[in-house]
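Per-entry structural report
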Amino acid sequence: MNNDEYEVDGSLRIPRALCDENAFFRYLPHLSIREQLCWALRTETILRLAKIKGRLGVLSAEKSSEDEEEDYIYSRVLKSNYLIDLYPEENNEKQPKIDTSARGHDEYDFSCKAHSQLSFVDVGIDDNFDGLTRIQIEKKKKKAGKKRPYYSYNSGEEEELACGSDSDDNECNENDKIAANRKTETDMKHIIPPTLLHFRIVLEAYTGYNLGASSTSASSYNSPDTSIPRSAIMGGAVVAALTSFQDEVVVQAFASCGIFTERGDLIDGDIYSEKKQALIKKLHTHFLYLSTHHRSVYSKGDTDIFLQASPLTQALMNIFEGHGISDDQINLIGSYIGNSGRNSICAGDFERYAEIVMGKNGKVKAPDETLFAFAASKHAASFILGTDGENDADRSWNQTNFDEVTWPRTSQFIQLDIKADLLGGLFDFDQSIAACAFDGVSVRVAPRAALSLMTNANFVTPFCLEEHRNKQRVVKYSQRGFKPFLVDPYDGRQTQNVACDAVIARKPFLPRGNCRYQSGRQQTWSGEDWDEVLGTQERKINEGEERMLCCHRLSGDRDEGKYLGETRSLYEPGDLDRRGATYMYTMKLFERSPGDAIDFFSRRFRWSAEDMILVKKVDPYLRMACQKCKQDYNLIRVVMAKYPDLLKEYDLNDDILHGQFAYSSSNCYSNNVSFEPSFYSGGVFNSTHVRNEARRALKIYAMLQSQSVFELSAYVMKHGSAEGYKKRFVFHCRYYAGSDLISTLRKAQRTVLQEPARPPIGLNPERFVETCGQCQSWLVGNIYGSKDCKSCNDLPSK
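Residues numbered from 1 in each chain as written. Predicted model: local features only at pLDDT ≥ 70, side-chain atom pairs only at ≥ 80, totals over all residues. Heavy atoms only, no water.

**Let's talk about the overall build of the protein**
Basically, it comes down to this: Elements are defined by DSSP. Helices are runs of H or I of four residues or more, strands are runs of E of two residues or more, and each kind is numbered from the N terminus. Burial classification: accessible surface area is computed with a 1.4 Å probe over protein chains only, and a residue below 20% of its type maximum counts as buried, one above 50% as exposed, and the rest as partly exposed. Where accessible areas are quoted, they stem from the Shrake-Rupley method and a 1.4 Å probe; at the residue level, only the protein chains shown are allowed to cover.
Per the secondary structure count, the protein includes 24 helices and 25 strands. By the burial criterion, 58% of the 798 residues in the protein qualify as buried. Taken as a whole, the protein presents about 34,400 Å² of accessible surface, with 48% of it coming from carbon and sulfur.

This is the structure in structure tokens:
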């Protein structure tokens, strides 16, 4: 290489050319990992800023804009020279793939081999990355404590209020060991699955569904219908499939599946399809989070599906811009359609996509005796699968067995801004390993993602550590075997000196409970023994006394009685009220002090003097509350009473919350209340609850309501009133006809929801470059923390 091809920046040599696919592999032998990474990040910064100035972004220099636009719309929505195609077509013939038989598709995918130049990089025993900063992740300290007693007595006291979910130390250690052993001598041959077919099989097994073309339907990724959004799966799901051949279970499953001949070709006949489905089913079970199964390190992950405005909508935007219609005018047009600003213009795109994917004949289907629950925010929607049992989530009460069921993985649909595209969305991933995408035709990764795959390391910029939830992602990928490193692409010193703390403190979110333990015995808040309370209650019932609901209604009968308050704040009209609100919970076991629950409910439901006399006649051991009222009491009197102290203790101050603390409910025998970090609608959309360990759909619905009430309560506590409050999300449970993803999206359009805290995905370079506080220009070339602006410095002083 000629030295004129490089720009020297301190100790770094950076190629003058932009880091596209060809240049990446051409310079790879001549650059250190750090130089290659800084070069890739500097190129991305240039491209990201260019995308803000031009809606369609930077086009390839070798093609005209007309050719690029044609391919961009109708075939490869992620086609770009600045991404690496991991399964390039032979002879580099980029012809659109023709929909034929399923077998024809598989043969085509089988012909697309893994990129020949993608291989593991030997970084040495000490993982020396030439001056990069290793991010230290503090381990949670294990606390010595007595094991909770198990109670055989069952009176419906299984309900626990908890917040969020996170890995415990035992599981982290187990995953660390699994990840550390991923690369064996055999695995070294395959940094990624050997063919595109292998990748697609693993991806379908991971997600539990296939969005590609079939004999009866077109692809959901790049539909020939120009009114359908272009989509791509990005992030962790793609990483799980790409790194699957470093998992011995996956390698052995393919070796024994029988779909290949001894020569390595696909077998002929109908048996191929049967054996392929058997393989997918086997891998699917491996990827699910099952306590009795040797699970994958990716079993806790979800699936992120990004949607780009349809070609028809993009053509409309071109017309607007061509006629000089301003952003304010476009926003005004959108306001007549819905409450999502200019993105309301593509609301119909999202609904049409939802019909194809999750409609009556959609590609993602709920197994028998299961139901989907949906939530939608300003620009995204999520689904999770729950069971449709009559009884509680204790599967021993229900005869249905889901052991062999294909379980669609919890997923999110993210609608990009109408001016953004999938390429910009991919560049917006702050974790280098996650900048991977599959658009139904090809697997494309950013150059920094390729470096992560080749080194089993995860590279992030200092901007990433400014947010708590981004730190959690660093921890997550560290548990999956990717060593975290901090990189400042513009710091050319021999050893970079990043102006931020490269330590992630995993401070435990301790339980804040309304029950306690004394000498191994569980006690109520007031100090009474848990078992003794239940024993006294049982004795009184045997003597002929009756338990009585003393909350929003007064009755010992679950189907009759005096209603003192509406349940519609939790259960909307016609939604499961009779089935869900009537489980009875003993007040003595969850109230903070004797009589406190009665005081709370009397105020909440404005009891009359006659009502109070009736309640006081009921023995305190027999006073009961329904599930909804118990949850409301715990939220207001227990959880929210501790919330301000928690904000101070963990140094969090976020008016919009975004799940910094999440409140939800889950099944357990006690009444502890705890906080843990959890994102996007709380601990509800949790991929660990699958098959026989899944929650009931009704339970999921109640948890979403609890999270919504929690966020409102937090806002009121911080601001003194509910004035100005906007919901973060709306939700639906698919229990009756019409409660589906489309109705959830329409509900979101009718509701004034919170605006995202940062600029739109794909149009957001804040995670990679500083801005000047005076002129607001991008400070390209500045090291992290430097606010030195040449434009402002050149201005004459006043």
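**So, unusual backbone geometry**
Positive phi, close to 55 degrees, is recorded for N456, a residue that is not glycine. Along the chain, N456 turns up in the loop between helix 14 (447–455) and strand 14 (457–460). Assessed through its relative accessible area of 6%, N456 is described here as buried.

**Some remarks on empty space enclosed by the protein**
To keep things clear, this is the line we draw: A pocket, in this scheme, is an open set of points on a 1 Å grid over the protein atoms alone with protein on both sides within 12 Å along at least 5 of 7 lines, while a cavity is a set where a 1.4 Å probe fits but cannot get out; residues line either one if an atom lies within 4 Å of a point. Grid points are joined across faces, edges and corners, and a volume is the space filled by probe spheres set on the points. Gly counts as polar in this scheme, as do all residues outside two lists: the nonpolar Ala, Val, Leu, Ile, Met, Phe, Trp, Tyr, Cys and Pro, and the charged Asp, Glu, Lys and Arg.
Under the criterion given, the structure shown has 12 cavities of 30 Å³ or more. Taken as a whole, the largest cavity spans an internal volume of roughly 160 Å³. Forming the boundary of the largest cavity are 15 residues, of which S340, F350, K378, L745 and Q749 lie nearest the centre. Counting residues per element, the ones that place at least two in the lining of the largest cavity are helix 12 (347–358) and helix 23 (741–750). Taken together, the residues of the lining of the largest cavity sort by class into 7 nonpolar, 6 polar and 2 charged.

**Focus: the nonpolar core**
The nonpolar side chains of soluble globular proteins are, as a tendency, buried together. Counted only if it meets this: We call a set of buried residues a nonpolar core when its members are Ala, Val, Leu, Ile, Met, Phe, Trp, Tyr or Cys and they connect through side-chain atoms within 4.5 Å of each other. Contacts were defined at the residue level, with two residues in contact if any of their heavy atoms lie within 4.5 Å.
Membership of the largest hydrophobic core comes to 128 residues, with the highest contact counts inside it found for L86, F199, L242 and F459. No other element matches helix 6 (residues 196–207), which puts 8 residues into this core. Those residues within four positions of F459 in sequence are excluded, and the remaining contacts are I33, L37, F129, L132, D430, Q431, S432, L451, S452, F485 and V487. Formed by 24 residues, the second largest nonpolar core is a distinct cluster that contains L549, C550, V615 and C626.

**Section: helix 10 (residues 311–322)**
Rules: A helix is expected to reach a length of 1.5 Å times the quantity of its residues less one.
Look at helix 10: 16 Å from first C-alpha to last across 12 residues, which is about the 16 Å you get at 1.5 Å a residue. Considered for burial, the residues of helix 10 that qualify are P311, T313, Q314, M317 and F320. Immediately beyond the C-terminal end of helix 10, within one or two residues, lies G324, with a positive phi of roughly 75 degrees.

**Observations regarding the packing of helix 12 against helix 23**
To describe two helices that pack against each other, one gives the angle between their axes and the distance between the axes. The following threshold applies: Between N-to-C directions, angles span 0 to 180 degrees; the directions come from axes that are lines fitted to C-alpha atoms, helices contributing only their stretch in contact. Each angle is binned into one of four classes, with values under 35 degrees roughly parallel, values over 145 roughly antiparallel, values of 65 to 115 roughly perpendicular, and all other values oblique. In this scheme, a crossing is called left-handed if the near helix is turned counterclockwise away from the far one by less than a right angle; it is called right-handed if the turn is clockwise.
Running from N to C, helix 12 and helix 23 point in directions that differ by 160 degrees, and their axes come no closer than 9 Å. With respect to helix 23, the axis of helix 12 lies roughly antiparallel. Once helix 12 is placed against helix 23, the crossing between them reads as right-handed. Packed against helix 12, whose contacting residues are A347, F350, E351, A354, E355 and M358, the element helix 23 presents L741, I742, L745, R746 and Q749 at the interface. Taken together, the residues that form the contact of helix 12 with helix 23 break down as 7 nonpolar, 1 polar and 3 charged.

**Quick word on the sheet that holds strand 14**
Definition in use: Here, a strand pair is defined by DSSP locating no fewer than two bridges between the strands.
The strand order across the open sheet formed by 3 strands is 4-15-14, and the pairing between neighbours is mixed. For this open sheet the edge positions go to strand 4 (133–134) and strand 14, each flanked by a neighbour on one side alone. The pairing of strand 4 with strand 15 (residues 483–486) spans 2 bridges and is classified as antiparallel. Counted as the bridge partner of T133 is L486 from strand 15.

**Side note on the state of the cysteines**
Note the cut-off: Disulfides are defined in this document as cysteine sulfur pairs within 2.5 Å.
Enumeration over the complete set of coordinates arrives at 0 disulfides. The closest cysteine sulfur to the non-disulfide-bonded C500 is located on C464, 9.6 Å from its own sulfur. C500 sits in the partly exposed class, given a relative accessible area of 23%.

**Describing a nonpolar patch on the surface**
Cut-off, in case you're wondering: Patches draw on residues past 30% relative accessible area with no salt bridge. Two like charges within 9 Å are joined, as are two nonpolar side chains (Val, Leu, Ile, Met, Phe, Trp, Tyr) within 5 Å. Only one rule defines a salt bridge in this text: a Lys or Arg side-chain nitrogen within 4 Å of an Asp or Glu carboxyl oxygen.
A cluster of nonpolar side chains, L332, I333, Y336 and I337, forms an exposed patch at the surface whose accessible area comes to about 440 Å². According to the relative accessible area criterion, I333 is partly exposed, its value standing at 31%.

**Side note on the packing of aromatic side chains**
What counts is decided by this rule: By convention, a stacked pair of Phe, Tyr or Trp rings (six-membered ring in the case of Trp) has centres within 6.5 Å and planes under 30 degrees apart, an edge-to-face pair has planes over 60 apart, and any other such pair is tilted. A positively charged side chain is recorded as over a ring if its NZ (Lys) or CZ (Arg) lies within 6 Å of the ring centre. The angle to the ring normal must also be within 35 degrees.
Scanning the entire structure with this criterion turns up 26 aromatic pairs. Seen in terms of ring centroids, Y221 and F438 are 5.3 Å apart; in terms of plane orientation they differ by 75 degrees. Their pairing is edge-to-face. With Y221 in the loop between helix 6 and strand 7 (230–234) and F438 in strand 12 (residues 436–438), this pair connects stretches of sequence that are 217 residues apart. Of the two residues, Y221 and F438, neither departs from the other in class, the shared state being buried. A ring pair is formed by F601 and Y633, whose centres lie 6.4 Å apart and whose planes are at 50 degrees; its orientation type is tilted. One end of the pair, F601, is in helix 19 (residues 596–604); the other, Y633, is in helix 21 (residues 627–649), and 32 residues separate them in sequence. The residues F601 and Y633 share a single accessibility class, namely buried. Site record: aromatic cluster; members linked through ring pairs are Y209, Y353, F372, F374, F383 and F413. In this structure, R480 packs its charged tip against the face of Y477, placed 5.2 Å from the ring centre. The ring of F731 has K747 sitting right over it, with the charged end atom 5.5 Å from the ring centre.

**As for helix 15 (residues 468–479)**
A rise of 1.5 Å per residue sets the reference length of helix 15, with its 12 residues, at 16 Å; its end C-alpha atoms lie 17 Å apart and thus fit the reference within 8%. Listed in full, the buried residues belonging to helix 15 are R469, N470, Q472, R473, V474, V475, Y477 and Q479.

**Some points on the environment of C626**
Tracing the backbone through its elements, the reader meets C626 in strand 23 (residues 623–626). A relative accessible area of 0% means that C626 is categorised as buried. Expressed as a C-alpha distance, the spacing of C626 and H552, which sit 74 residues apart in the sequence, is 8.1 Å.

**Observations regarding the side chain of R230**
The cut-off we apply is this: Residues adjacent in sequence count toward polar contacts only when both atoms are side-chain atoms; beyond that, a polar contact is any pair of N or O atoms within 3.5 Å, and within protein one must be able to donate a hydrogen and the other to accept it.
For R230, the location among the structural elements is in strand 7. Of the polar contacts made by the side chain of R230, one reaches the backbone oxygen of S223; its length is 2.9 Å.

**Considerations on the pairing of strand 8 (residues 303–308)**
Each regular strand carries side chains that alternate between the two faces of the sheet. Counting buried positions over the 6 residues of strand 8 gives 6, a clear majority of the element. In this structure, strand 7 lies alongside strand 8, joined through 5 bridges in antiparallel fashion. From the neighbouring strand, M234 faces strand 8, where its bridge partner is D304. Pairing between strand 8 and strand 11 (residues 411–415): 5 bridges, direction parallel. Within the sheet, the bridge partner assigned to L307 lies in strand 11 and is Q415.

**Description of the pattern of salt bridges**
Scanning all chains against the criterion turns up 22 salt bridges. Between D106 and K276 there is a salt bridge, with the nearest N and O atoms lying 2.9 Å from each other. Highlighted residues: D106 in helix 4 (residues 102–111) and K276 in helix 9 (residues 271–287), separated in sequence by 170 residues. Just as D106 is buried, K276 falls in that class too. Taking the shortest distance from any N to any O, the salt bridge between D349 and R352 comes out at 2.8 Å. Residue D349 and its partner R352 are located together in helix 12, separated by 3 residues, close to a single helical turn. Take D349: its relative accessible area is 1%, and that puts it in the buried class. It is possible to trace a salt-bridge network through shared partners that takes in E321, D327, R342, D417 and K419.

**A word on the packing of helix 6 against helix 9**
Orientation of helix 6 relative to helix 9, taken along the N-to-C sense of each, is 55 degrees, at an axis distance of 7 Å. Looking at the two axes, helix 6 sits oblique to helix 9. Between helix 6 and helix 9 lies a crossing of right-handed hand. In contact with L197, I201, V202, E204, A205 and Y206 of helix 6, helix 9 contributes Y272, K276, L279, I280, L283, H284 and F287. Partitioning the contact of helix 6 with helix 9 into residue classes produces 10 nonpolar, 1 polar and 2 charged.

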